[in-house]
Amino acid sequence: MELYETLSRLCALGGPSGYESQVAQVAVEMLWELMDEVSVDRLGNVIAVKRCGKQGAKRLLLDAHLDEIGLIVSGIEEGFLRFEAIGGVDPRMLPAREVVILEKDGPLFGVVTCLPPHVQTAGDHDKSVAIEALRIDVGMSQEKAAEAVHIGTPIVYRESIRRLAGDQICGKALDDRACFAILLRTAELLKEEELDVDVYIMGSTQEEVSGSGAVVGTNAIEPDWCVAVDVTHAATPDLPHPSDQACAMYGGAAIGVGPNMTWTLTDRMVEKAKVNRLPYQLEVMSGATGTNGWYMQTCLEGIPTSVVSLPIKYMHSPIEVAALEDMEHIAQLLAAFIKELGREVG
């Protein structure tokens, strides 16, 4: 599997929370090549399983969410679209941004309005414009826009994945499709391995707004262990490393440590990183992790859970940046974690 090509295909698709069906369809196709069974549940989660063939085998669930942040059309006035946020959208990112309106009859392109510097008043250039004050220009009259665009239509950033001048990749929706690509790579590494647990991979929905997809999927699967794979903040000049708010790029997996994580799984993850000489770093999460792991651990009667994160820069922006090297190392760590899990932990 070529991680860049896989990620390019996933991130090119629009799939904000609640509207993940296009991404789910491609995820299903990719998983069928690697897993024994693949299905989509009522909430849109993509769930695949690789069975070990042992009667009464325990179940491990690996989760990465398919949705991305986005916008939604809330009105049309004078041909311009009003909109609201889906998930944690930073309004500073929006002016002059190219967007795609995901109409059922085909995508429409638009641009978020911006005020030219020539007509700004004193101090305007130092202010962030509230989402309520912004509009999307689709180049249509009111009459044509009202015919072409429907209230409630989702919107995503236009950007897809590209390589930077170095060896890092940049684009939208790396949170969390980069981690779903990691799970695909993990499944590839395990394809010919004899396992002693049934391995489930879930591409969950609606993480950016509620975590409901992970809750529904976890309750249905009834796993013995869960691993939530998500992104975390990588160090940048304005968020220096070392810091309790940032992890190191090329530092490998950020293994979560805190009350949301089960120590037996955390210790195993660290041990497997050391034995296999894979880079890793510990990320202290003293409260809510901001991942699906927060919800998965309390499903059913409680499920031992681990959180493993990919460091990315500029999270929740159209230019999220990750290192393919980190993605490969995390996939190798997850594969090592899974081998002989039933015998060593069960």
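Our structure is the block above this text.
Definitions and cut-offs
Residues numbered from 1 in each chain as written. Predicted model: local features only at pLDDT ≥ 70, side-chain atom pairs only at ≥ 80, totals over all residues. Heavy atoms only, no water. Helix = DSSP H or I, 4+ residues; strand = E, 2+ residues; numbered from the N terminus. Rg over C-alpha atoms; globule rule 2.2 N^0.38 Å. Contact = heavy atoms within 4.5 Å. Lys, Arg positive; Asp, Glu negative; His and termini not counted. Charge placed at Lys NZ, Arg CZ, Asp CG, Glu CD. Buried < 20%, exposed > 50% of the residue type's maximum accessible area, 1.4 Å probe, protein only. Pairing = 2+ DSSP bridges. 1 Å grid on protein atoms, 1.4 Å probe; cavity = no way out; pocket = protein on both sides within 12 Å on 5 of 7 lines; lining within 4 Å. Points joined across faces, edges and corners; volume = space filled by probe spheres on them. Nonpolar A, V, L, I, M, F, W, Y, C, P; charged D, E, K, R; others polar. Salt bridge = Lys/Arg side-chain N within 4 Å of Asp/Glu carboxyl O. Phe/Tyr/Trp six-rings, centres within 6.5 Å; stacked < 30°, edge-to-face > 60°. Lys NZ or Arg CZ within 6 Å of the ring centre and 35° of its normal. Axes fitted to C-alpha atoms, helices over the stretch in contact; angles between N-to-C directions. Parallel < 35°, antiparallel > 145°, perpendicular 65-115°, else oblique.

> Any details on the overall build of the protein chain? Residues and values, ideally.
Along its length, the protein chain carries nine helices and 17 strands. Whereas a compact globule of 346 residues would reach a radius of gyration of roughly 20 Å, the protein chain reaches 21 Å, a difference of no more than 12%. Taking the principal axes of the C-alpha coordinates as reference, the protein chain spans close to 70 × 45 × 35 Å. Summarising the internal contacts of the protein chain: among those between residues at least 6 apart in sequence, 75% fall at separations of at least 24. Put simply, the protein chain has 28 plus and 51 minus side-chain charges, and the middle of one group is 4 Å from the middle of the other.

> Please provide a residue-by-residue account of the pairing of strand β16 (residues 305-312), values included.
Counting buried positions along β16 yields eight of eight residues, so the element is predominantly enclosed. Bridge count for strand β13 (residues 225-233) against β16 is eight bridges, and the pairing is parallel. Paired with Val231 across the bridge in β16 is Leu310. With two bridges joining them, strand β14 (residues 253-257) and β16 adopt antiparallel strand pairing. Looking across to β16, one finds that Ile255 is bridged to Val308.

> Which residues make up the layout of surface pockets, and what are the values?
The computed volume of the largest pocket comes to approximately 540 Å³. Along the walls of the largest pocket sit 30 residues, with Gly14, Gln22, Leu102, Glu103 and Pro154 positioned nearest its centre. Elements represented by at least two residues in the lining of the largest pocket include exactly α2 (21-32) and β9 (154-157). Across the lining of the largest pocket, the residue classes break down as 13 nonpolar, eleven polar and six charged.

> I'd like a description of empty space enclosed by the protein, backed by residues and values.
Taken as a whole and judged by the stated rule, the model has three cavities of 30 Å³ or more. Here the largest cavity defines a volume of roughly 60 Å³. Lining the largest cavity, in full, are Glu68, Ile69, Tyr157, Lys172, Ala173, Asp175, Glu208, His316, Ser317 and Glu320. Looking at the lining of the largest cavity residue by residue, the class counts come to three nonpolar, two polar and five charged.

> Describe the pattern of salt bridges, and please don't skip the residues or the numbers.
Inspection of every chain in the model, using the stated rule, returns 18 salt bridges. Here Glu29 ties to Arg9 by a salt bridge, and the two come within 2.6 Å at their closest N and O atoms. Of this pair, Glu29 sits in helix α2 while Arg9 sits in helix α1 (residues 3-11), placing them 20 residues apart in sequence. For Arg9, a relative accessible area of 40% puts it in the partly exposed group. The salt bridge partner of Arg343 is Glu344, with a shortest N-O separation of 3.4 Å. Relative accessible area serves as the criterion here: at 61%, Arg343 is assigned to the exposed category.

> Summarise the packing of aromatic side chains; cite the residues concerned and give the values.
What the rule picks out here adds up to zero aromatic pairs. Here the guanidinium or amino end of Arg97 rests over the ring plane of Tyr157, the centre of that ring lying 6.0 Å away. Its end group placed over the ring of Phe337, Arg268 keeps NZ or CZ at 5.4 Å from the ring centre.

> Please set out unusual backbone geometry residue by residue, giving values where relevant.
Residue Asp176 is reached from Asp175 by a cis peptide bond, and omega for that bond is 15°. Mapping Asp176 onto the fold places it in helix α4 (residues 174-190). Its identity as a non-glycine residue notwithstanding, Tyr250 has a phi of 70°, on the positive side. For Tyr250, the position within the fold is in the loop between β13 and β14. According to the relative accessible area criterion, Tyr250 is partly exposed, its value standing at 29%.

> Quick one: what's the story with the packing of α1 against α2, residue by residue and with numbers?
Where α1 contacts α2, the axes come no closer than 9 Å and their chain directions differ by 150°. One way to sum up the angle between α1 and α2 is to call them roughly antiparallel. In this structure, α1 contributes Thr6, Arg9 and Leu10 to the contact, and α2 contributes Val23, Val26, Glu29 and Met30.

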